[in-house]
Structures are given as C-alpha cells and as structure tokens.
Amino acid sequence: MLDAVLKQKSVAVKMSVKTTVAAVLVILAVVLPQIVHVAGGAAAGAKWLPMYAPVLLAGCLLGWRWGFAVGVLSPIISFGFTSLALDATMPALARLPYMTAELALFGLISGLFAVYVRKHPIAAFVAVVCAQIAGRSLYVVYNLIIGAPLSQILNGLQTGLVGLCVQATLVPLISIAIAKAVVSDERKG
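Per-chain numbering applies: the sequence of each chain, read as written, is numbered from 1 onward. Restriction of local features to residues with pLDDT of at least 70 applies here, the model being predicted, together with a cutoff of 80 or more for giving and counting side-chain atom pairs; totals for whole chains, interfaces and linings are based on all residues. Side-chain descriptors were evaluated using all non-hydrogen atoms of the structure, hydrogens and water having been removed beforehand.

Enquirer: If you had to explain helix α2 (residues 11–40) to someone new, which residues and values would you point to?
Expert: Its 30 residues place the ends of α2 43 Å apart at the C-alpha level, agreeing with the 44 Å of an ideal helix rising 1.5 Å per residue. Looking one or two residues beyond α2, the residue adopting positive phi is glycine 41, at roughly 85°. Runs of H or I in DSSP of at least four residues are treated as helices and runs of E of at least two as strands, each being numbered from the N terminus. One less than the residue count of a helix, multiplied by 1.5 Å, gives the span that helix is expected to have.

Enquirer: If you had to explain unusual backbone geometry to someone new, which residues and values would you point to?
Expert: Along the chain, methionine 90 connects to proline 91 via a cis peptide bond; the corresponding omega equals -5°. By the element assignment, proline 91 lies in the loop between α5 (64–85) and α6 (96–112). If you check the backbone angles, leucine 49 has positive phi at about 45° while not being a glycine. Its place among the elements puts leucine 49 in the loop between α3 (44–48) and α4 (52–62).

Enquirer: Break down the packing of α6 against helix α8 (residues 123–145) for me, with residues and values.
Expert: Orientation is described by axes fitted as lines to C-alpha atoms, over the contacting stretch for helices, and by angles from 0 to 180 degrees between their N-to-C directions. In the contact formed by α6 and α8, the axes pass within 8 Å of each other and the chain directions differ by 155°. Relative to α8, the element α6 lies roughly antiparallel. As α6 packs across α8, the resulting crossing turns out to be right-handed. Residues Pro97, Tyr98, Ala101, Glu102, Leu105, Phe106, Ile109 and Ser110 of α6 touch α8, and the partners they reach there are Ala127, Cys130, Ala131, Gln132, Ala134, Gly135, Arg136, Leu138, Tyr139, Tyr142 and Asn143. Note on residue categories: nonpolar means Ala, Val, Leu, Ile, Met, Phe, Trp, Tyr, Cys or Pro, charged means Asp, Glu, Lys or Arg, and polar means any other residue, Gly included. Partitioning the contact of α6 with α8 into residue classes produces 13 nonpolar, four polar and two charged. Orientation is classified from the angle alone, with under 35 degrees giving roughly parallel, over 145 giving roughly antiparallel, 65 to 115 giving roughly perpendicular, and any other angle giving oblique. In this scheme the crossing of two helices becomes right-handed for a clockwise turn of the near helix relative to the far one and left-handed for an anticlockwise turn of less than a right angle. Contact criterion: two residues are considered in contact whenever any of their non-hydrogen atoms come within 4.5 Å of each other.

Enquirer: Can you tell me about the packing of α2 against α5, naming the residues and giving the values?
Expert: Interaxial distance between α2 and α5 falls to 9 Å at its minimum, and their mutual angle equals 45°. In this view, α2 runs oblique relative to α5, as classed from their interaxial angle. α5 is crossed by α2, and the crossing has right-handed handedness. Residues Met15, Lys18, Thr19, Ala22, Leu25, Val26, Ala29, Val30 and Gln34 of α2 pack against Trp66, Val70, Leu73, Ser74, Ile77, Ser78, Phe81 and Thr82 of α5. For the contact of α2 with α5, the class distribution of residues is eleven nonpolar, five polar and one charged.

Set out below in structure tokens:
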C-alpha cells in the first residue's frame, strides 16, 4: 500500500521508508505484549495475541516480503530483548519456534493482499481473516506434530479468539484509514 505513495521516489527512499515502518512495527510487536501483560497478567498475552496485530498491519501496508520479515523478527527480537532486560522471556522458549512460523505466515498471507488493499481498502478484512486462518492452522499442525494434547491445542485456539476478533476488526480499519490518507496524499501530490 505504501508503494502508491512512494512510486515517484528513488529506490533508496522507498527502502528507507519501508525499513522505518517495518522497524516501528517490530518495536510495536515487542512493546504491545509487555503492556498487555502488565495490564492483564500473564494470561492476557494468550487471550489478546498482541504481537500479531503489528505483523498483520505490516503485511497489509508493506507487502508479503516485509510482512514475512516483520513476522519472523518480532518474536525473535522480543525473546532476545526480554531475556536480556526482563526476568521472564516473551515468548517463552518453547513457544518461540511456532510463534515465529505462525507470525511469518500471518505477515506473508496478509502481505499477499497488499496490492488489493491499496486498490480496494475493504480487502484488508479478507487479508486479515485469511492470514489468521492460515496462521492458526499452522499452530494446530505444529502442536499436533510435537504431540501436544488436543485439549491443550483447542484451549489455545479458544483462548486466542478474543484477540483474533479484535484484530480482524482493528487492523483492517487502521489499514483503511491509512489507505484513505494515502489516496488523499496522492491527490495532493
């Protein structure tokens, strides 16, 4: 979506802007879980899935490559930061592999819709829901492969439904607002 605003800019400017937006979204993906855990306790992260929203937004705004990168980097940087700066790591080491894979898929799938989101901002709703279905499916498959009990997998899915529903509403609305700002900026320029 940001490509539309940057189409007249040099490759260096495009890369700088996209890198900056991606970095801000990674930082947001690291900070949001900290805020949610402080406000709602340890279980709030599994309920609200706060790291997922910035990754979905990265895909919708920046495309699949950047969405994928933000999805991979967010849990790894969060794990590194929290293991160095805090007593408890987020995500926990046991959750890091599937969260990295799941978030990468979230960013990739939502990013595949970025061109459509730019042309038809309402497509952000489809992008987010498709990414969520793909990502949560990967969560199920991964946990089945490692032998997690089905009750634990289903509980994890059920617990995260609140966060997924909120994200399925807020992320597209944010994308639509940014798309309207982009269109307005294009008309001025």
